[in-house]
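Here are the chains, one letter per residue:
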Amino acid sequence: MKSDVKDPKLAEKGRLRIEWAEKDMPVLRGIKARFAKEKPLKGIRLAACLHVTTETANLMDTLAAGGAQVHLCASNPLSTQDDVAASLVKHFKIPTFAIKGEDNKTYYKHMGQCLSIMPNITMDDGADLVSTVHKEKKDLIKNMLGGTEETTTGVIRLKAMAKDGVLEYPIIAVNDAYTKYLFDNRYGTGQSTLDGVLRATNRLIAGSILVVCGYGWCGKGVAMRAKGMGARVVVTEVDPLRALEAVLDGFSVMPLEDIAPQADIFITVTGDINVISERAFKKMKDGSIVANSGHFNVEIDIPALKKLSKSTRQIRDFVEEHTLRGGNRVYLLGEGRLINLAAAEGHPSQVMDMSFANQALSAEYMAKNHKKLEKSVYPVPCEIDQEIARLKLAGMGIKIDKLTAEQKKYLQSWEMGT
Ligand code: ADE
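What comes next concerns the included structure. Quantities reported herein were computed from a predicted structural model and do not represent experimental measurements.

With respect to unusual backbone geometry
Working step 1: For methionine 118, which is not a glycine, the phi torsion comes out positive at approximately 55°.
Working step 2: Topologically, methionine 118 is positioned in the loop between α5 (104-115) and β4 (121-124).
Working step 3: We note that asparagine 202 has phi near 55°; this positive angle belongs to a residue other than glycine.
Working step 4: Position of asparagine 202 among the secondary structure elements: in the loop between α8 (178-201) and β7 (209-213).
Working step 5: A relative accessible area of 62% means that asparagine 202 is categorised as exposed.

Now the structure itself:
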C-alpha cells in the first residue's frame, strides 16, 4: 500500500491516542455502527484533505466502515500528528500522505498522491483539494459526484468559485451547520487556541492584555476563554455589527494600532490577509507574542516582520524570536500557522464528534443525492443538523422537554394574540 508518513514505529502510540479520542465521539461511533451494516458508501472513492489528528482518524475509520475506499493527506503542513498518520497506515490500512513540518512542495506532492485514488468525493478543510482539481487536475472532474468542506475559509473560497461560475461539482458546506460552527468554531477554537499558545509559551494569561483580531465565531470563543483565564481582552474588528456584539459582550474594542503598544499577546482569527502588518509591528512593545488561529498563514504579515528584524532565532519549540532594528523583540508562534494544531492537538474530540458526524452524513447524503444537486455550494440538510444535536445530547445523557400538541398548534397559528 502506498503511503508517506514520518515513522511507522510511531503507529502503536497513535493507535492508543485514536482509541482515546474515540471514547469521546459517541455520535460518530453510532454512525460507524450503522455504516458498517448498511454500507452507504460502497464503491465510493473518497479523497480527504484534513488535519491528520486522532479525531480525523476516527472519521476515516467511519467512512471506511461505510464501504468507501479512502485516501488521506494533510490540510496544513504543520498540523499532522505523525503517530496518527503511522497508525492509519498500519492499523487502519488507509493510505495516508502527511508528515508534520513538510515543506510546500511535499504538501502538494502529498495532495497529488491522495488524488491518485481518482475520487468520486472530495472532503476538504480549506478547499485546497477542490482548488487543485479545478486548476491542475481537471481530468478528475468527470469522476466527481461532489465534495464537502469543513471550514469557514474553504466555504468562502468555494462560494467565490460558484459565483464566478467555475465550480464544476456540488459541495456541502459542513462548516455552516449549526452543530459545526456553534461548537467547533466557538468552543473548539476557543479552548484549543489558548492550549496552543500555552504549550508554546507557558506564559501566564491572567493579567495579560490579549488582543483578539476578529469577532466571528472563532474570535468569540478565543475572547471568551481568554477572559475566563483572567486576560484583559481587547477585540479588533472591521465589521460594525460584530464590533458592537463584542462591546456588549463586555470587551474593549479599538483599532489594532491603538492597542499595539500595550498588548502582550495578539491572536488573529479573521480569515483575511495581513491583519497584523508592518505598522502594527513597529508599534508593539518589547516581548510581544503574535499567533494565528485562522486557516491560512496569511493573517500575520511574516515577510514584513522578517524585513523589520535584524536577527531571528528559534528560542523554544514553535517560538521564533524576531529582534527588530530598534531592539524590541516580537515572538512569532508556530510560523504563523494555526497555533491550535501546530503547537497543540486541535479541538477536543467532544466537539469534533459533531463536526465529523456532519462530514460522514454529508458524504452519505452526497452519495445518495448527487444527481439532484447542481454545481453549487449547499448547506447541510437541517434534518442532519437536528439529528446530530439530538444524538449528541443523548450521548451526554441529557434529556429535554417536548412540545405539547397545544403548543405545536399555537406555534403554527396566527389567530391567537393577547
Ligand atoms: N480542526 C481543528 N481541530 C481539529 C481536530 N482535532 N481534528 C481535525 N481537524 C481539526
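Observations regarding the layout of surface pockets
Working step 1: Of the volumes computed, that of the largest pocket is approximately 1100 Å³.
Working step 2: If you go around the largest pocket, you meet 49 residues; those closest to its centre are Thr152, Cys218, Val269, Thr270 and Gly271.
Working step 3: If you list the elements that add at least two residues to the lining of the largest pocket, you get α3 (54-65), α7 (152-163), α8, α9 (217-228), α14 (339-342) and α15 (349-369).
Working step 4: When residues in the lining of the largest pocket are grouped by element, the largest group, five residues, is from α8.

Considerations on the packing of α8 against α15
Working step 1: Remark: α8 packs on α15, axes separated minimally by 9 Å, with the N-to-C direction vectors making an angle of 145°. Relative to α15, α8 is oriented so that their crossing is left-handed. Every residue of α15 that contacts α8 at Thr179, Lys180, Phe183, Asp184 and Gly188 is listed here: Val351, Met352, Met354, Ser355 and Asn358.
Working step 2: Looking at the contact of α8 with α15, its residues break down into four nonpolar, four polar and two charged.

Reading guide: rules and limits
- Residues numbered from 1 in each chain as written.
- Predicted model: local features only at pLDDT ≥ 70, side-chain atom pairs only at ≥ 80, totals over all residues.
- Heavy atoms only, no water.
- Helix = DSSP H or I, 4+ residues; strand = E, 2+ residues; numbered from the N terminus.
- Buried < 20%, exposed > 50% of the residue type's maximum accessible area, 1.4 Å probe, protein only.
- 1 Å grid on protein atoms, 1.4 Å probe; cavity = no way out; pocket = protein on both sides within 12 Å on 5 of 7 lines; lining within 4 Å.
- Points joined across faces, edges and corners; volume = space filled by probe spheres on them.
- Axes fitted to C-alpha atoms, helices over the stretch in contact; angles between N-to-C directions.
- Left-handed = near helix turned anticlockwise from the far one by under 90°.
- Contact = heavy atoms within 4.5 Å.
- Nonpolar A, V, L, I, M, F, W, Y, C, P; charged D, E, K, R; others polar.

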